[in-house]
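# Structural features, examined
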Amino acid sequence: STPTRSPAPTQEGVQLTSFAQLKFVRVHNLLPETNSLYITCSMRDSPEQENVLLIVQHAAWSTDAPRILVEGGLEGLMPGTISQQLQHNQKYYQYLVHAAPSVVPLKVQMIYPASKSDFDKYAPVERIHVRETAALYQRCTKPWIAEKLATDNIQWVANILEGRAEQERLIYSDPDETTGFVLAPDTKWDQVNMQSLYCLGISRMRGIATLRDLTGAHLPLLEKMASEGRRRIQAKYGVAPESILCFVHYLPSFFHFHVHYVSTGFYLQAASRSLLLEDIIDALRADPDHFQKCALSLVLPTTRHPLTPALLDAIRSQDRA
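In this report, we go over the structure that sits alongside the text. Because the structure is predicted, anything quoted here is derived from the model rather than measured. (Residues numbered from 1 in each chain as written. Predicted model: local features only at pLDDT ≥ 70, side-chain atom pairs only at ≥ 80, totals over all residues. Heavy atoms only, no water.)

## Here's the deal with the sheet that holds strand β9 (residues 181-185)
How we decide: In this scheme, strands are said to pair when DSSP sees at least two bridges between them. Put simply, DSSP H or I for four residues or longer makes a helix, DSSP E for two residues or longer makes a strand, and each gets a number counted from the N terminus. In this description, contact between two residues means that some pair of their heavy atoms is separated by no more than 4.5 Å. The convention used is that axes are lines fitted to C-alpha atoms, helices contributing only their stretch in contact, and that angles between N-to-C directions extend from 0 to 180 degrees.
Reading across from one edge, β8-β9-β10-β12-β11-β13 is the order of the 6 strands in this open sheet, with antiparallel pairing throughout. Sheet topology places β8 (172-173) and β13 (274-276) at the edges, where each strand pairs with a single neighbour. The pairing of strand β10 (residues 198-203) with strand β12 (residues 258-263) spans 5 bridges and is antiparallel. Bridged to Cys-199 within β12 is Tyr-261. Strands β8, β9, β10, β11 (244-249) and β12 of the sheet are contacted by helix α5 (residues 219-237), whose axis makes an angle of about 35 degrees with β9. Here helix α6 (residues 277-286) sits on the sheet in contact with β11, β12 and β13, set at roughly 70 degrees to β13.

As structure tokens, then:
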């Protein structure tokens, strides 16, 4: 059959109706612990190649899924027709796909156009543990974060906070500019299996890039995100507050303060760079400047992350001193 021509990008985004509009390139990564498959693709008839990243997730991979992928390629794994576009914000798309019985159900995220940093974020990589002191933060991490803030495009966060995107997905929205936040199901969660519950709370307060920026002045915000976030999730999904863990990543995947809400059974999958919100609150109650002075653990890729060699060089120079 004749391949479907790829859609032309517009200001409103790309209109994808069939995966036949994509060309399979390779498997980018496979994470069994989260049942996630990452696929590098290209838009058909597009001069730019390998700039589509698909993230395919479902409840459990069947034993037949690898054979279908190898023998049928992209269209063997997923049928041609997309059932529903669930959301679109900037270059991030989410689709609902009813797949062949051996690999159902599927939730597919598409990043287009995907940049090198997008592919690097989801690439398989070895990681190391680094103990970041306050001095190392000031010398290495803080300048790197400032550079990321100047170059990273997180307009999608502003779109949510300012009511331009994803409003139909919000569980809760508090407009207060100091203690307010929005709460929505994370794109990683299917909103069906409560054992893998995953929601994201994004603060309305600007200027908190990471945990290091938190002080005692932020306690009202943190306390509200802990209590109100749990209460709203319970009201929406019926999950008891004691079955919900709230945590913050360090380093985060984007530099605007946000809190992760997950089921207690899901937490171990995200624990390597997580600090529980109640522990953060207790630390700030004891010392309002705790996170400006303490040492924090970082789990960083051994390659492709510019912060890794800078920190290791700084640690080695300290050891030689």
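## Looking at the pattern of salt bridges
As a reminder of what qualifies: Note on definitions: salt bridges are taken to be side-chain nitrogens of Lys or Arg within 4 Å of carboxyl oxygens of Asp or Glu. Exposure classes here rest on a 1.4 Å probe applied to the protein chains alone. A residue is buried below 20% of its type maximum, exposed above 50%, and partly exposed in between.
Applying the stated rule across the entire model yields 16 salt bridges. Between Arg-26 and Glu-50 there is a salt bridge, and its shortest N-O distance comes to 3.0 Å. Of the two residues, Arg-26 is situated in strand β1 (residues 22-31) and Glu-50 in the loop between β2 (36-43) and β3 (52-57); the sequence distance between them amounts to 24 residues. Residue Glu-50 is classed as partly exposed on the basis of its relative accessible area, which comes to 34%. In this structure, Glu-132 engages Arg-212 in a salt bridge whose closest nitrogen and oxygen atoms are separated by 2.8 Å.

## Digging into the sheet that holds β1
Hydrogen bonds between backbone atoms are what pair the strands of a sheet, whose relative direction is either parallel or antiparallel. Taken together, 6 strands build an open sheet; the order of strands is β1-β2-β3-β6-β5-β4 and the sheet is antiparallel. Of all strands in the sheet, those with a lone pairing partner are β1 and β4 (84-89), marking the two edges. Here the average twist between neighbouring strands, direction ignored, is 20 degrees. As paired elements, β4 and strand β5 (residues 92-97) share 5 bridges and run antiparallel to each other. Each bridged residue has a counterpart across the sheet, and for His-88 the counterpart in β5 is Tyr-93.

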